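Chain by chain, the residues:
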Amino acid sequence: MTDKVSAPIAKKIPHSMTHHGHTRIDNYYWMRDDDRKDDQVIAHLKQENAFTDHHMSAHQSLQDALFEELKGRIVKDDSSVPVKDGGYWYVSDVQGDDEYASHFRATDEQLTNKTLLLDVNQLARDYEYYDIGEINVSPNDNLLAYSEDTDGRRIYSIRFKDLSNNQYLADVLENTEGQLVWANDNKTVFYVKKDPQTLLGYQVYRHLLGTPQSDDILVYEEQDRQFYMELGKSRDQSEIYVHLAATETSDVMVLDANEPLGEFKRLFPRIEGHEFGIDKHAGNYYILSNHQAKNFRLLKASDTTIGDISKWQEQIAHREHILIEGMELFDSHFVITERELGQIRFVVHNYHGESYHLSFDDECFYAGIGYNPESSASTVRIHYSSLTTPSTVYDCDLKTGRKILRKQQQVLGGFDASNYASKRLFVTARDGVQVPVSLVYHKEKFHKDGTNPMLQYGYGAYGITIDPSFSSATLSLLDRGFVYAIAHIRGSEMLGRSWYEQGKKAHKQNTFNDFIDVTKSLVEQGYADKNKVFASGGSAGGLLMGAIVNQAPQLYLGVGCHVPFLDVLTTMLDESIPLTTNEYDEWGNPNNKTAYQTILNYSPYDNLRQQDYPHILVTTGLYDSQVQYWEPMKWVAKLREVKTDDNLLLFKTDMDAGHGGASGRFKSLQDKALEMTFFIALLSS
């Protein structure tokens, strides 16, 4: 396929990089501009956008129709299920064509005389991009803190509001991670400050309301830049935590929440390779730990034994085929989130050794513990969804397990769940491993005869599991005969901790093999026409897309590659780039020769070569703080240079957004409509 308007061709300026005696020449290294102000860079991105817009203009009517379909399924006036926290019930709602929610509270669950806390539409009115990071009310319920990001770089400013008189305080905390924790005195707060270059949060500051930020006190600094940092508070509100997490090691610092001028201290020694989650309730610490337990176990400790891991008491033993993912502590019970054979389940325990399972009916689904701020609650809030079941909120009685339906998301546009079917199946990869796959399709439009188009999605990194959940947007593909498949490839924790370990560092190639083998198998089984297969992924899933189009381009008609991590080797060698040092345990440290060679073997940018490639749509955000815009920019420029086909290569940059794409509930649908239009149009070309 050709277009009358020529694709932008970037200039080439050779840049030599030598490591371990191996030299690479990067002709597009010049595209990196940390300030995002270089005239040549901006001009080239605008040319790419114009080229994409020109080509897609032929399908504008389809894109407009898809956008209206997506928008038309969303209930314009909607509200959350109220949550009790302290003396109030909190709720958010959206109205009409508002892009953002408003936040309220009331003294009763019926929300009589509810009062407005924040109207995010008003806060966002002067910005192209706006994101609320966190809303946090003081322990005495009188003050509200919220964080905001106005350019998509995930650098947040924290502001404060006095809820007794609805007035903003003068305090503003700049350049933060967006998190904040209140001390119990209701006037001292703690926050994490970001390094302006690497965007890594590594310093915790203490702020006293009414004083300038310049007077804030540095109370903890993490010297090891491989650790991410976040703040928390114990379930019993007695302790403030600094949680530290590298890819393979956890740590925690603790401060008495009633003594904010005190010193953060390590709760127990940092042990390399020890990962854990911790909380405190009723005088005891509960620790989900991988110490001598690959898939984690639950342990308990007291104030006197927490410092010695050998004295922790086992509550739930390690099991070879069951991964423990989380816990929620209540006064009467605690709820454990587990995963077996890829499926989530909840086990409710009392503190006397008795337990039961909470069950759901779908063959494959997503379920997660919701926001449960009150430890005295008699129910646990759970969010549930499947590929055919819209987002559902349950309150489950902790004593009986009885599920109380609080809300199911309404889907407009004539949606009927009975028209669709989902299933879980396993595909045998080339090394004999069984890879789980979740599928959904429209019953009347699918015949398993090898005639349907298929969109296959994957991620496969960081141990993040993409559970099968409902997407009203996907209906637009299913209603046009598409099969939608999620490949739960290695690199996630779908089948336990080893599933993750088999898809990282030296074993990363398994991730790509799994995705490719799933595609081949689904075609062989009749789920898809071999000439109508599409693939999509974002971020680390964008790396996946870059790898598969190098390694098996013939399998895919079209590929969506979003905020993609494509220049892996150069990025991992540059510690000035945000988040690089945190990622060594995920990808490997290429300063080591063996890791260098491993990454070189699959890095999408380094492995582009002269061959035919599928039709490809690439999207990014200029202000992306996780995967810098120049990675896809360079990749597209080099791909235009080497590819031997006339297939489409379109590159769209949101000049206002970051890693998460456009903000707002309707504006973000434009991105989905663009990709769907790209795929559907290819079927008729």
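Attention in this report is confined to the structure presented alongside it. For clarity, every value in this text was computed on a predicted model and none was experimentally measured.

### Some thoughts on the overall build of the protein chain
Check the secondary structure of the protein chain and you find twelve helices and 38 strands. Whereas a compact globule of 685 residues would reach a radius of gyration of roughly 26 Å, the protein chain reaches 25 Å, a difference of no more than 12%. By principal-axis analysis of the C-alpha atoms, the protein chain measures approximately 70 × 55 × 50 Å. Within the protein chain, the proportion of its 685 residues that are buried is 58%. A sequence separation of at least 24 residues applies to 57% of the contacts in the protein chain between residues at least 6 apart. If you average the places of the 68 positive and of the 97 negative side-chain charges in the protein chain, the two averages end up 3 Å apart.

### Description of the nonpolar core
General note: in soluble globular proteins, nonpolar side chains tend to be found buried as a group. Ranked by size, the top nonpolar core spans 76 residues in total, and within it Phe515, Leu522, Ile548, Tyr556, Trp587, Ile616 and Trp635 carry the most contacts. Once residues lying within four places of it in the same chain are set aside, the contact partners of Trp635 are Gly546, Val549, Leu566, Pro604, Tyr605, Leu608, Ile616 and Val618. Grouped together as the second largest cluster of nonpolar side chains are 33 residues, Leu70, Leu455, Ile486 and Leu617 included.

### Overview of the sheet that holds strand β24 (residues 333-340)
One open sheet holds the four strands; their spatial order is β23-β24-β25-β26, and the pairing between them is antiparallel. Single-partner strands in this sheet number two, and they are β23 (322-329) and β26 (355-358). Strand after strand, the sheet turns through a mean of 25 degrees between neighbouring axes, direction not considered. Across four bridges, the pairing between strand β25 (residues 343-350) and β26 is antiparallel. Counted as the bridge partner of Phe346 is Leu358 from β26.

### Some points on helix α1 (residues 39-56)
Here α1 spans 26 Å end to end across 18 residues, near enough to the 26 Å set by a 1.5 Å rise per residue. Residues of α1 that are buried: Val41, Ile42, His44, Leu45, Glu48, Asn49, Phe51, Thr52, His55 and Met56. Looking at the buried side of α1, the elements it contacts are α2 (60-72), α11 (630-642), β38 (649-654) and α12 (669-683). Its side-chain oxygen placed 2.9 Å from the backbone nitrogen of Gln40, Asp38 serves as the N-cap of α1.

### Re the layout of surface pockets
The computed volume of the second largest pocket comes to approximately 320 Å³. Surrounding the second largest pocket, 17 residues form its lining, Ser391, Gln409, Phe470, Ser471 and Ser472 being those nearest its centre. For the lining of the second largest pocket, the residue count by class is eight nonpolar, seven polar and two charged.

### Focus on empty space enclosed by the protein
Applying the stated rule across the entire model yields two cavities of 30 Å³ or more. The volume enclosed by the largest cavity comes to roughly 60 Å³. Counting only elements with at least two residues in the lining of the largest cavity, the list comes to α8 (568-572) and α11. Grouping the constituent residues of the lining of the largest cavity by class yields three nonpolar, two polar and four charged.

### Some details on the sheet that holds strand β16 (residues 239-245)
The four strands are arranged β15-β16-β17-β18 in an open sheet whose pairing can be described as antiparallel. In the strand order of this sheet, the two ends are held by β15 (228-233) and β18 (265-266), each with one partner. As paired strands, β15 and β16 are joined by six bridges and run antiparallel to one another. When the sheet's bridge partners are listed, Met229 is paired in β16 with Leu244.

### Section: the pattern of salt bridges
For side chains of opposite charge, pairing can occur when their charged atoms come near one another. Within this structure, the stated rule accounts for 40 salt bridges. The partner of Arg406 in a salt bridge is Asp395, with the nearest N and O atoms 2.7 Å apart. Taken as a pair, Arg406 in strand β30 (residues 403-408) and Asp395 in strand β29 (residues 392-397) lie far apart in primary sequence, eleven residues in all. Judged by its relative accessible area of 30%, Arg406 is partly exposed. Linked by salt bridges that have partners in common, Glu109, Arg381, Asp395 and Arg406 make up one network.

### A closer look at the environment of His103
Checked against the element boundaries, His103 lands in strand β6 (residues 102-106). With a relative accessible area of 21%, His103 lands in the partly exposed category.

### What about the pairing of strand β1 (residues 15-19)?
Pairing between β1 and strand β2 (residues 22-26): five bridges, direction antiparallel. In the sheet register, Thr18 faces β2, and the bridge partner there is Thr23. Here β1 folds back onto β2, and the loop between the two strands holds two residues, one of which, His20, carries a positive phi near 55 degrees.

### Considerations on the pairing of strand β5 (residues 88-94)
Burial within β5 is extensive, with five of its seven residues counted as buried. Examined bridge by bridge, strand β3 (residues 78-79) and β5 share two bridges and lie antiparallel to one another. In the sheet register, Asp78 faces β5, and the bridge partner there is Val94. Taken together, the three bridges between strand β4 (residues 83-85) and β5 define a ladder with antiparallel strand orientation. What sits directly across from Val83, in β5, is Tyr90. Adjacent in sequence and paired antiparallel, β4 and β5 are bridged by two residues, among which Gly86 carries a positive phi angle near 70 degrees.

### Let's talk about the packing of aromatic side chains
A complete count under the given rule lists 30 aromatic pairs for this structure. Seen from their ring centres, Phe190 and Phe264 are 5.6 Å apart, and the 90 degrees between their planes marks the pair as edge-to-face. Of this pair, Phe190 sits in strand β12 (residues 188-194) while Phe264 is found in the loop between β17 (250-256) and β18, placing the two residues 74 residues apart along the sequence. Among the residues examined, Phe264 registers a relative accessible area of 5% and is labelled buried.

What counts, and where the lines are drawn
Residues numbered from 1 in each chain as written. Predicted model: local features only at pLDDT ≥ 70, side-chain atom pairs only at ≥ 80, totals over all residues. Heavy atoms only, no water. Helix = DSSP H or I, 4+ residues; strand = E, 2+ residues; numbered from the N terminus. Rg over C-alpha atoms; globule rule 2.2 N^0.38 Å. Buried < 20%, exposed > 50% of the residue type's maximum accessible area, 1.4 Å probe, protein only. Contact = heavy atoms within 4.5 Å. Lys, Arg positive; Asp, Glu negative; His and termini not counted. Charge placed at Lys NZ, Arg CZ, Asp CG, Glu CD. Core = buried A, V, L, I, M, F, W, Y, C linked by side-chain atoms within 4.5 Å. Pairing = 2+ DSSP bridges. Axes fitted to C-alpha atoms, helices over the stretch in contact; angles between N-to-C directions. Expected span 1.5 Å × (residues − 1). Polar contact = N/O pair within 3.5 Å; in protein donor to acceptor, adjacent residues only side chain to side chain. 1 Å grid on protein atoms, 1.4 Å probe; cavity = no way out; pocket = protein on both sides within 12 Å on 5 of 7 lines; lining within 4 Å. Points joined across faces, edges and corners; volume = space filled by probe spheres on them. Nonpolar A, V, L, I, M, F, W, Y, C, P; charged D, E, K, R; others polar. Salt bridge = Lys/Arg side-chain N within 4 Å of Asp/Glu carboxyl O. Phe/Tyr/Trp six-rings, centres within 6.5 Å; stacked < 30°, edge-to-face > 60°.

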